[in-house]
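Inside the fold
Here is what each chain is made of, one letter per residue.
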Amino acid sequence: MATQHMTRTQRSILVVVLVPVFMSLLSISSINVVLPAVQASLEAPTSQIQWVLSGYTLAFGVLLVAGGRAGDTFGRGKLFVAGLALFGLGSLIAGLALNGPMLIAARIITGFGSGLLNPQTVGFIQQFFDGPRRARAFASFGSVVGVSVAIGPVLGGGLIALLGQDLGWRWTFLVNVPIAAAAMWSAYRNFPAAAWRRYVPEGIDDTHHKPDIDPVGTTMFTLGTLLVMWTFLELDKGGLYLIMLPIGVIILAWWVWWERRYKRRGGDPMVDMALFKNRSYRNGTLLIGLFFTGSTSVWVTVAIFLQTGHGISALLAALVGLPSAVATSITSQIAGRYVLRAGRAMVAWGMTVTLTALGSSMFVVVGVHLWDWSVWWLIMTLALLGVAQGFIVSPNQTLSLIEVPAHVSGVAGGVMQTGQRVGTSVGTALITSMLFGVAAAYSWNWAFVAAFGTIMLMVVAALVVAVVDIIGTRRVQAAVPQGHEAK
């Protein structure tokens, strides 16, 4: 129908906000390939190289909710451009870094930029799109996520192959600078006036509203999230780092108490806990956090397995993920057309296919070990995984945010993305530790099987949440004809 087609303004907004998202996620996936070149070029110790990864991840993760809240409060366009400026500056410093500490500082700045701009994307889609057009916008978001994860290693490996070790890794960062500058210019040119000011729903008088950023709540949430993520990023070191986890959990529990108290006293809390009374949002946030705890370790496992276990080059190992990325970009678009009709059943179906793809990959590696099969059969099973992901990530986001008011959608999206980042940190730490441990005790093939088996368990947990949500939805729908109201 004509009403389902995006307007010119909507298409412009979508292009402007998705390009930086692609760029920021690319920075996560491309760095693993270039780290050996970075270490050799800067003569940096392993501890500094680990912080090149950890610094970005921590800065990105801890700022998502605060960034989303700031966008809801002061105007998403302002925070989006500020995030782009930080991202571009950090990328420039990283590309010109003279030593390890300088590169670490640059990566932290870049992470802060990503943390500011990413939740604005969700806020913009919620604010300027509705119905089927919103579903298709989130489908495009899902395509960008899938492609960026697979393209990043190929870009890093390709630049090193083309430009050499030193220039190659530097240009994986420097390429972001003109993109960030172009995105800032496009934002000023294409964003409507409403993008630059606080979004206020129709019928609400905002004349005397004073911005309330809840500084205590913001500080507690940021610190608690930092400690939890940091624990798992430094899990192999044990000792003092393990103490950070219970401290972080205690601070987050205190934060929940504070937010409720702050609202009762008439304040505007960083995150209104009433948001979690929305069943679809609550279940969707939990579901995708569990899913990311497992699924985001797939490509780390594959890269280590192929490169370390089978001596395959970084570039060839990265190319294994390309069919999966293409499949995700296609199925995300298909899912965007039908998700409002299919509901959470589409997500559950996607997870079932994910389990099939993971199990098939394990079977291939068992065949490699026992019957001398070619490891390249993984391309087919991982492509099936890409097909499945297109029916999970963006459809779940669409369904989770469908009843979330647009004026708090930035912080709602930030909470969802923080759950994903924490899940990624936890899963990567646990699964890579298992991978290396089993490889040392047995073989790389059995290590792969153990890692993928653990990933399957996390996907099963996410699938259970999806089924619970489907059952709850059907109960509510069955109650409506009897005169009950859906809550």
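So, here's what we can say about the structure. Predicted model, so just to flag it, every value in this text is computed and none were measured. (Residues numbered from 1 in each chain as written. Predicted model: local features only at pLDDT ≥ 70, side-chain atom pairs only at ≥ 80, totals over all residues. Heavy atoms only, no water.)

Notes on the overall build of the protein
Selection criterion: The way it works is that DSSP assigns letters per residue, a run of H or I at least four long becomes a helix, a run of E at least two long becomes a strand, and they are numbered from the N terminus. The size measure is the radius of gyration over C-alpha atoms, and the globule rule it meets is 2.2 Å times the number of residues to the 0.38 power. The contact rule is simple, with two residues in contact once any of their heavy atoms fall within 4.5 Å. Accessible surface area values rest on a Shrake-Rupley calculation with a 1.4 Å probe, where residue burial reflects the displayed protein chains alone. Positive: Lys, Arg. Negative: Asp, Glu. His and the chain ends are not part of the count. Taken as the charge location is NZ of Lys, CZ of Arg, CG of Asp or CD of Glu.
Secondary structure assignment for the protein yields 18 helices and zero strands. For a compact globule of 487 residues, the expected C-alpha radius of gyration is about 23 Å, and the protein comes in at 22 Å, within 12% of that figure. Taken along its principal axes, the extent of the C-alpha atoms in the protein is 65 × 55 × 50 Å. When contacts within the protein are restricted to residue pairs at least 6 apart in sequence, those whose partners lie at least 24 apart make up 82%. Working note: accessible area of the protein is about 20500 Å², and carbon and sulfur atoms make up 68% of it. Between the centroid of the 30 positive side chains of the protein and the centroid of its 18 negative side chains there is a distance of 6 Å.

Let's talk about empty space enclosed by the protein
Using a probe with the size of a water molecule, rolled over the atoms, empty space left in the structure can be pinpointed. Under the convention used in this document: A 1.4 Å probe that fits but cannot get out identifies a cavity on a 1 Å grid over protein atoms alone, an open set with protein on both sides within 12 Å along at least five of seven lines counts as a pocket, and a residue lines either if it has an atom within 4 Å of a point. Grid points are joined across faces, edges and corners, and a volume is the space filled by probe spheres set on the points. Here the nonpolar group is Ala, Val, Leu, Ile, Met, Phe, Trp, Tyr, Cys and Pro; Asp, Glu, Lys and Arg are the charged ones; every other residue, Gly included, is treated as polar.
Applying the stated criterion across every chain, the model contains one cavity of 30 Å³ or more. As a volume, the largest cavity reaches approximately 40 Å³. The element that contributes the greatest number of residues to the lining of the largest cavity is helix α1 (residues 8–42), accounting for three residues. Of the residues contributing to the lining of the largest cavity, the split by class is four nonpolar, four polar and one charged.

Here we look at unusual backbone geometry
At Glu-43, a residue that is not glycine, the phi angle is positive and equals roughly 50°. Its place among the elements puts Glu-43 in the loop between α1 and α2 (46–74). A positive phi angle is found at Asp-372, which is not glycine, with a value near 60°. Along the chain, Asp-372 turns up in the loop between α14 (344–371) and α15 (378–389).

Side note on the packing of helix α10 (residues 279–295) against α14
This is how the line gets drawn: Axis definition: a line fitted to C-alpha atoms, limited for helices to the stretch in contact. Angles are taken between N-to-C directions and run from 0 to 180 degrees. Under this scheme an angle from 65 to 115 degrees is roughly perpendicular, one under 35 degrees roughly parallel, and one over 145 degrees roughly antiparallel; angles in between are oblique. Handedness of a crossing follows from how the near helix is turned relative to the far one, being left-handed for an anticlockwise turn of less than a right angle and right-handed for a clockwise one.
Relative to each other, α10 and α14 sit at 15°, their axes nearing to 13 Å. Overall, the two elements α10 and α14 adopt an arrangement that is roughly parallel. In this structure, α10 meets α14 at a crossing whose hand is left-handed. Here Ser-280, Gly-284, Leu-287 and Phe-291 of α10 come into contact with α14, specifically with Arg-344, Val-347, Met-351 and Thr-354. Class assignment for the residues of the contact of α10 with α14 results in four nonpolar, three polar and one charged.

Structural notes on α15
For clarity, the cut-off: The span expected for a helix works out to 1.5 Å for each residue beyond the first.
Relative to the 16 Å expected for twelve residues at 1.5 Å per residue, α15 spans 16 Å between its end C-alpha atoms, a close match to the ideal helical length. Of the surrounding secondary structure, the elements contacted by the buried residues of α15 are α10, α11 (298–310), α13 (322–342), α14, α16 (393–400) and α18 (444–479).

A few points about the packing of aromatic side chains
So the rule is basically this: Pairing of aromatic rings covers Phe, Tyr and Trp, the last through its six-membered ring, and needs centres within 6.5 Å; plane angles under 30 degrees mean stacked, over 60 mean edge-to-face, and all others mean tilted. Exposure classes here rest on a 1.4 Å probe applied to the protein chains alone. A residue is buried below 20% of its type maximum, exposed above 50%, and partly exposed in between.
A complete count under the given rule lists 20 aromatic pairs for this structure. Ring plane angle 40° and centroid distance 4.8 Å describe the contact between Phe-124 and Phe-191, whose orientation is recorded as tilted. With Phe-124 in helix α4 (residues 100–128) and Phe-191 in the loop between α7 (176–190) and α8 (215–233), this pair connects stretches of sequence that are 67 residues apart. Each member of the pair, Phe-124 as well as Phe-191, carries the same accessibility label: buried.

Regarding a nonpolar patch on the surface
Just so we agree on the cut-off: Like charges within 9 Å and nonpolar side chains (Val, Leu, Ile, Met, Phe, Trp, Tyr) within 5 Å are joined into patches, using only residues over 30% in relative accessible area that form no salt bridge. Just to be clear on terms, a salt bridge is a Lys or Arg side-chain nitrogen sitting within 4 Å of an Asp or Glu carboxyl oxygen.
Residues Phe-363, Leu-370, Trp-371, Trp-373, Trp-377, Met-380, Tyr-442 and Trp-446 make up a contiguous nonpolar surface patch of roughly 970 Å² in combined accessible area. At three residues, the largest contribution of residues to the nonpolar patch is made by α14. Considering the arrangement of structural elements, one finds Trp-371 in helix α14.

Let's talk about the side chain of Thr-225
Checked against the element boundaries, Thr-225 lands in helix α8. Those residues within four positions of Thr-225 in sequence are excluded, and the remaining contacts are Gly-61, Val-62, Leu-252, Thr-418 and Val-422.

Focus on the pattern of salt bridges
Enumeration over the complete set of coordinates arrives at seven salt bridges. Two residues, Asp-130 and Arg-133, come together in a salt bridge whose shortest N-O distance is 3.3 Å. A salt bridge links Asp-272 to Lys-263; the nearest nitrogen and oxygen atoms lie 2.9 Å apart. If you follow the salt bridges from partner to partner, you end up with Arg-279, Arg-344 and Asp-469 in one network.

So, the nonpolar core
Spelled out, the test is: Only buried Ala, Val, Leu, Ile, Met, Phe, Trp, Tyr and Cys residues count toward a nonpolar core, and they belong to the same one when joined by side-chain atoms within 4.5 Å.
Phe-80, Phe-191, Val-271, Met-351 and Phe-452 are the most contacted members of the largest nonpolar core, which totals 110 residues. Looking at this core, the element that brings in the most residues is α18, giving 13 residues. Once residues within four sequence positions are removed from consideration, Val-271 is found in contact with Val-65, Arg-69, Trp-255, Glu-259, Phe-276, Val-411 and Val-415. In terms of nonpolar packing, the next biggest core, distinct from the first, is built from 17 residues, Ala-37, Ala-44, Ile-104 and Trp-169 among them.

Considering helix α5 (residues 131–163)
As a reminder of what qualifies: Working definition for bend: take the seven residues up to and ending at a residue and the seven starting at it, fit an axis to each, and measure the angle between the axes.
With 33 residues, α5 extends 46 Å from end C-alpha to end C-alpha; this agrees with the ideal 48 Å at 1.5 Å per step. If you look at α5, its biggest bend is around 35°, right at Ile-151, and the proline Pro-153 turns up within four residues after that. Positive phi appears at Gly-164, one or two residues downstream of α5, with a value of about 95°.

Some words on the packing of helix α6 (residues 165–174) against α7
As a packed pair, α6 and α7 sit with axes 5 Å apart at the nearest point and diverge in direction by 10°. Comparing the axis directions of α6 and α7 gives the class roughly parallel. Contacts between α6 and α7 pair Thr-172, Phe-173 and Leu-174 from the former with Asn-176, Val-177 and Pro-178 from the latter. Looking at the contact of α6 with α7, its residues break down into four nonpolar, two polar and no charged.

Some thoughts on the environment of Gly-100
Structurally, Gly-100 can be placed in helix α4. Looking at Gly-100, the relative accessible area reads 5%, which means it is buried. Counting along the chain gives 51 residues from Gly-100 to Ile-49, while the straight-line C-alpha distance between them is 7.3 Å. Apart from the residues lying within four places of it in its own chain, the contact partners of Gly-100 are Leu-42, Ala-44 and Gln-48.

Side note on the environment of Gly-343
Relative to the elements of secondary structure, Gly-343 occurs in the loop between α13 and α14. Looking at Gly-343, the relative accessible area reads 15%, which means it is buried. Sequence-wise, Gly-343 and Leu-322 are 21 residues apart; in three dimensions their C-alpha atoms are separated by 28 Å.

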